[in-house]
Amino acid sequence: MSKFDFAAMPDANGYFGEYGGQIIPPELKEIMDEIDGAYEEIRQTPEFQEELDSLFADYVGRPSPVYHASRLSAQLGGAQIYLKREDLNHTGAHKINHCLGEALLAKYMGKTKVIAETGAGQHGVALATACALVGIPCEIHMGQVDIEKEHPNVTKMKILGCKLVAVTRGTATLKDAVDSAFEEYLKDPVNYIYAIGSVVGPHPFPKMVRDFQSIIGTEAREQFMTTHGKLPNYITACVGGGSNAMGAFTAFLDDNDVSLVGVEPAGKGLDTKDHSATLTLGKPSELHGMKCYVLETEDGEPMPVHSIASGLDYPGVGPQHSYLKDLGRVEYDSVTDEECLNAFMTLSRVEGIIPALESSHAVAWAMRKAPELPSDQMILVNLSGRGDKDADYVADKLGL
Ligand SMILES: *Cc1c(COP(=O)(O)O)cnc(C)c1O
C-alpha cells in the first residue's frame, strides 16, 4: 500500500486532506448525508452495478478506445501520444458517465425530479439524455444570455423532453442559474435531487462524480497492460471543475512512476486577468459548499474568469485536485487560448479528429511535452469530448 490511502478518500466527513467538506446550512447537511448514505448502500448492490455496467456498454459505447496518434507523434518527434477516446461516447463527451450514474441513483432512491443548472449547455444535454433514458423528469435552469448563445444545446434539451427554465434575474448567466435551480431544489429536497456537473460542491458530490468517472482510468489501465504490458509514462487531462481529469487519474494514483498532469486554461495569459487557472494562481478558500482553491478578487469575491473553452471557466476546482496539488501527486500546468486553438487545428488536420476546445488544452500540453521525451515514452491524453460544438466558432475566429 502507498503512503496515502487514496482509495479511502474522502474521509467520512467528505474531506480530502483539508479540502472538501460540507460548507452549507445544517438542514442541507442532513439532506446531503442522506444522499451519501443512500449512495453508499445502492452502489454496492448487484442490481445497480449491473444496470450501470450494461448501460455503459450498450448505451454509451464503452469501453472507449485508446488510439495511438502515430502521425501526430511522428510529426512532433518524441514521445508517443495516445488518446483515450471519450469523444466517441454517446452525446460526445465524458459527462454522460456521471450523468447516467446520477440519474440512475435518483431512480433507485425513488426521487421524482432531477434538477440542475447549465452554463454552455453541455451538462444540461448529458443530464437530459440520461433522464430520458432512465425515465425520470428533469428540470434544467439556464441563464437567458446563455440560452441565446447556445442555441443547438437548447434545442437538444427541448427535444430530449426536459423542462428548461430560462433565468432572467441578475446577469442571466450561470451564477443566476445556480441560484434559481437551488431554490427550486429546496422546495422539496426529499423528493427532488440536484445533479452536480463536475467533481465539485458539497460532499458527497465530489466523491460520487469521481466514482462514476473513474471508469475512464480503469479501462485505460487495462488497455495499456493488454497492448503494451506496461503503463503510460504520463497521463494528462484538462481541468475545469475536474471530473474528466479525476476520471482519468483515479486508477493510477498509487502508480508513482506514472506522472499525472492536469491542464488549466491560461486564457489570454497568466499575467492578464483573462484566464481560469485556479490551481496555478488561486488560493485555498471556500466556494459552492466546499473548501478548495479559488480565484478571488481583492475583496474575496469569486473572480470573473475566462477561457476560450466555456466548459473550463470556473473560479473553483474540485477538492480532491486541491489536495493532490498540495501533495505533489498531480502536477498542474496551463495552456493559453492560442495554444489550445493550435492543438485543435493540428489534431483535426493530422489525425482527422476534431477535439472539443476543452480537450484541446490537454492535447496542447502533450504537444509541448512530447518533443522533450524519448520515443519509447508514452503520453496518454484524455480526449474528454468532440469538437462539433466548437467548429463554427473556431472557423469564424480563424477566418476559414
Ligand atoms: C464540461 C467539459 C469539460 C470540463 O469539465 P471537467 O469537470 O473539468 O471535466 C471538459 N471537457 C469537455 C468536453 C466538457 O464538456
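Cut-offs used in this document
- Residues numbered from 1 in each chain as written.
- Predicted model: local features only at pLDDT ≥ 70, side-chain atom pairs only at ≥ 80, totals over all residues.
- Heavy atoms only, no water.
- UniProt positions renumbered as here; feature names shortened; annotations may be inferred.
- Helix = DSSP H or I, 4+ residues; strand = E, 2+ residues; numbered from the N terminus.
- Rg over C-alpha atoms; globule rule 2.2 N^0.38 Å.
- Buried < 20%, exposed > 50% of the residue type's maximum accessible area, 1.4 Å probe, protein only.
- Pairing = 2+ DSSP bridges.
- Axes fitted to C-alpha atoms, helices over the stretch in contact; angles between N-to-C directions.
- Phe/Tyr/Trp six-rings, centres within 6.5 Å; stacked < 30°, edge-to-face > 60°.
- Domains from an automatic or database assignment.
- Contact = heavy atoms within 4.5 Å.
- Buried area = accessible area lost by both parts, 1.4 Å probe.
- Parallel < 35°, antiparallel > 145°, perpendicular 65-115°, else oblique.
- Left-handed = near helix turned anticlockwise from the far one by under 90°.
- Nonpolar A, V, L, I, M, F, W, Y, C, P; charged D, E, K, R; others polar.

Naming follows an unreviewed UniProt entry, where the chain appears as Tryptophan synthase beta chain of Pontibacterium sinense. UniProt lists a comment for the chain under the heading Subunit (unreviewed entry), and it reads "Tetramer of two alpha and two beta chains." The heading Cofactor (unreviewed entry) in the UniProt record of the chain holds the text "pyridoxal 5'-phosphate".

Draft legend 1. Representation of the overall build of the chain. The helix and strand inventory of the chain stands at 16 helices and 14 strands. Taken against the 2.2 N^0.38 rule, which gives 21 Å for 400 residues, the C-alpha radius of gyration of the chain at 20 Å falls within 12% of a compact globule. Along the first, second and third principal axes, the C-alpha set of the chain runs to 60 × 50 × 45 Å. Expressed as a percentage of its 400 residues, the buried residues of the chain come to 58%.

Draft legend 2. Inspection of the sheet that holds strand 4 (residues 80–85) at higher detail. With mixed pairing, the 6 strands of this open sheet are ordered in space as 3-4-14-9-10-13. In the strand order of this sheet, the two ends are held by strand 3 (66–68) and strand 13 (330–336), each with one partner. Ignoring strand direction, the axes of neighbouring strands in this sheet form an average angle of 30°. The pairing of strand 9 (residues 234–238) with strand 10 (residues 259–267) spans 5 bridges and is classified as parallel. Bridge assignment links Tyr-234 to a residue of strand 10, and that residue is Ser-259.

Draft legend 3. Focus on the UniProt feature "domain: Tryptophan synthase beta chain-like PALP" (unreviewed entry) in the chain. The UniProt feature table records "domain: Tryptophan synthase beta chain-like PALP" (unreviewed entry) at residues 61–385. As annotated, residues 61–385 has a helix share of 41% and a strand share of 20%, and its two end C-alpha atoms lie 14 Å apart.

Draft legend 4. Structural detail: the packing of aromatic side chains. Going through the model one piece at a time under the given rule, you end up with 9 aromatic pairs. Arranged with centres 5.8 Å apart and planes meeting at 80°, the rings of Tyr-39 and Phe-212 form a pair that is edge-to-face. Within this pair, whereas Tyr-39 is found in helix 1 (residues 26–42), its partner Phe-212 is found in helix 9 (residues 205–213), the two being separated by 173 residues in sequence. Classification of Tyr-39 by relative accessible area gives buried; the value is 1%. For Phe-212, a relative accessible area of 5% corresponds to the buried category. Taken together, a centroid distance of 5.7 Å and an interplanar angle of 65° make the contact between Tyr-185 and Tyr-194 edge-to-face. Of the two residues, Tyr-185 and Tyr-194, both sit in the buried class.

Draft legend 5. View of the domain arrangement of the chain. Entries for the chain in the domain assignment read domain 1 (24–56 + 95–210) and domain 2 (61–92 + 213–398). Each of domain 1 and domain 2 was reduced to a C-alpha centroid, and the two centroids are 24 Å apart. Contact with domain 1, which involves 18 residues of that partner, is made by 26 residues of domain 2. Carbon and sulfur atoms make up 57% of the surface buried where domain 1 meets domain 2, a total of about 1700 Å² over both sides.

Draft legend 6. Quick peek at the sheet that holds strand 6 (residues 138–143). A sheet is described by the order of its strands in space; here 4 strands give the open sequence 7-6-5-8, paired in parallel fashion. With partners counted over all chains shown, the strands left at the sheet margins are strand 7 (163–167) and strand 8 (192–194), one partner each. Geometrically, the sheet is characterised by an average inter-axis angle of 25° between neighbouring strands, direction not taken into account. Of the pairings in the sheet, the one linking strand 5 (residues 113–118) to strand 6 comprises 5 bridges and is parallel in character. When the bridges of strand 6 are listed, Val-114 appears paired with Cys-138. Packed onto the sheet, helix 8 (residues 174–186) meets strand 5, strand 6, strand 7 and strand 8 and runs at close to 165° relative to strand 5.

Draft legend 7. Examining the packing of helix 5 (residues 122–134) against helix 7 (residues 151–159) more closely. Relative orientation of the contacting elements helix 5 and helix 7 amounts to 20°, with a least axis distance of 9 Å. One element, helix 5, and the other, helix 7, form an angle in the roughly parallel class. Considering the relative orientation of helix 5 and helix 7, their crossing is left-handed. Contacts between helix 5 and helix 7 involve Gln-122, Gly-124, Val-125 and Ala-128 on the former and, on the latter, Asn-153, Lys-156 and Met-157. Residue composition of the contact of helix 5 with helix 7, grouped by class: 3 nonpolar, 3 polar and 1 charged.

Draft legend 8. Just the UniProt feature "modified residue: N6-(pyridoxal phosphate)lysine" (unreviewed entry) in the chain, in detail. In the numbering adopted here, UniProt assigns the feature "modified residue: N6-(pyridoxal phosphate)lysine" (unreviewed entry) to Lys-95. With respect to the helices and strands, the residue Lys-95 is situated in helix 4 (residues 95–108).

Draft legend 9. Structural view of the environment of Ile-96. As for its position among the elements, Ile-96 is in helix 4. A residue is classified by how much of its surface remains accessible, and Ile-96, at 0% relative accessible area, is buried. Taking the C-alpha atoms as reference, Ile-96 lies 9.7 Å from Glu-86; in sequence the two are 10 residues apart. Every residue in contact with Ile-96, bar those within four places of it in the chain, is listed here: Val-60, Asn-89, His-90, Thr-91, Ala-126 and Thr-129.

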